[in-house]
Amino acid sequence: MAIKYSSQKHWRQVYMALDTWENAVRLIQERECVLFKLENFERFASNPNRFFEKGYKGTSTLRLKESRRRDRFYSDLTKIENQLSKILMKIKVSFKDVVTFKGRPYIEKMQRDKVEMLFWLQQERRKCILQKIAADEPITPKGSILHSCFLSDI
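1. Overview of the nonpolar core
In this structure, L38, L84, L88, I91, V99 and Y106 are the most contacted members of the largest nonpolar core, which totals 23 residues. Elements that contribute at least two residues to this core include exactly α2 (14–45), α3 (60–95) and α4 (106–134). Here this core gets 10 residues from one element, more than from any other, and that element is α2.

2. Regarding the pattern of salt bridges
Following the criterion strictly, the structure yields 12 salt bridges and no others. With a shortest N-O distance of 2.7 Å, D113 and R31 are connected by a salt bridge. Residue D113 is found in helix α4, and its partner R31 is found in helix α2; the two are separated by 82 residues along the sequence. Assessed through its relative accessible area of 0%, R31 is described here as buried. Shared partners join several salt bridges into a network, and the residues in it are R31, E32, E81, K109, D113 and K114.

3. Focus on the side chain of T20
Its location among the elements puts T20 in helix α2. Its relative accessible area of 4% is what places T20 among the buried residues. The residues touching T20, leaving out its near neighbours within four places in the chain, are I87, K90, I91 and F95.

4. Observations regarding the side chain of K109
With respect to the secondary-structure elements, K109 resides in helix α4. Judged by its relative accessible area of 8%, K109 is buried. For K109, the side chain forms a polar contact with the side chain of E32, separated by 2.8 Å. A polar contact of 2.8 Å, which involves the side chain of K109, links it to the side chain of D113. Apart from residues no more than four positions distant in its own chain, K109 is found in contact with R31, E32, L35, F101 and R104.

5. As for α3
Over its 36 residues, α3 extends 51 Å from the first C-alpha to the last, a length consistent with the 52 Å expected when each residue adds 1.5 Å. When we look at burial in α3, the residues that qualify are L62, R63, E66, F73, L77, I80, E81, L84, I87, L88, I91 and F95. One or two steps after α3, the chain reaches K96, where phi turns positive at roughly 60°.

6. Topic: a positive patch on the surface
There is a patch of like positive charges on the surface, built from K65, R68, R69 and R72. Among the residues examined, K65 registers a relative accessible area of 43% and is labelled partly exposed.

7. Re the packing of α3 against α4
For the pair α3 and α4, the least separation of the axes is 11 Å and the interaxial angle reads 165°. The orientation of α3 with respect to α4, classified from their angle, is roughly antiparallel. As for the relative orientation of α3 and α4, their crossing is left-handed in sense. Along its contact with α3, which presents Y74, L77, E81, L84, S85 and L88, the element α4 presents Y106, I107, M110 and K114.

8. Let's talk about the confidence of the model for the protein
Looking at the protein as a whole, its pLDDT mean stands at 84, while 82% of the residues score no less than 70. Note on residues 143–148: pLDDT is under 50 here. Beyond four places in sequence and across chains, it has 15 contacts.

9. Details of unusual backbone geometry
Backbone geometry places K96, a non-glycine residue, at a positive phi of 60°. When you line up the elements, K96 lands in the loop between α3 and β1 (100–101). What makes K96 exposed here is its relative accessible area of 67%. If you check the backbone angles, K102 has positive phi at about 55° while not being a glycine.

Conventions adopted
Residues numbered from 1 in each chain as written. Predicted model: local features only at pLDDT ≥ 70, side-chain atom pairs only at ≥ 80, totals over all residues. Heavy atoms only, no water. Core = buried A, V, L, I, M, F, W, Y, C linked by side-chain atoms within 4.5 Å. Buried < 20%, exposed > 50% of the residue type's maximum accessible area, 1.4 Å probe, protein only. Helix = DSSP H or I, 4+ residues; strand = E, 2+ residues; numbered from the N terminus. Salt bridge = Lys/Arg side-chain N within 4 Å of Asp/Glu carboxyl O. Contact = heavy atoms within 4.5 Å. Polar contact = N/O pair within 3.5 Å; in protein donor to acceptor, adjacent residues only side chain to side chain. Expected span 1.5 Å × (residues − 1). Patch = residues over 30% accessible without salt bridge, like charges linked within 9 Å, V, L, I, M, F, W, Y side chains within 5 Å. Areas by Shrake-Rupley, 256 points an atom, 1.4 Å probe, with all protein chains shown as cover. Lys, Arg positive; Asp, Glu negative; His and termini not counted. Charge placed at Lys NZ, Arg CZ, Asp CG, Glu CD. Axes fitted to C-alpha atoms, helices over the stretch in contact; angles between N-to-C directions. Parallel < 35°, antiparallel > 145°, perpendicular 65-115°, else oblique. Left-handed = near helix turned anticlockwise from the far one by under 90°. pLDDT = per-residue confidence, 0-100.

This is how it looks when you write it as structure tokens:
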């Protein structure tokens, strides 16, 4: 980027490009933070074994709280993504640049993040259950097995 904007052809755009890129970076950081919180929340809230819990953890009251919290995460993500999409398109159209995150175009990443996150959380659960089977440990429908598996990973 430094090479591109130090050339004769692009040096006039450097301040506008820098300002636009900084806005994109700020929104990407905000989005990744919300996504991280959502993933930590979904690690337990999307676990189907939570329905077998006894006491408060198995109640519909908790499910309603989970739903409201999930809605807040998704609402926050939508607000950030709407702003960010406009900025990413401006960068693409005005400056002919593509914003990437770990080598992947960020606009594509935004489209697939939530589904991929839920998929990988399910894979973690599957891995944990298979490890319990391989270790010949009993598997019960309670969330405690998965809970202990996740706690050991942290």
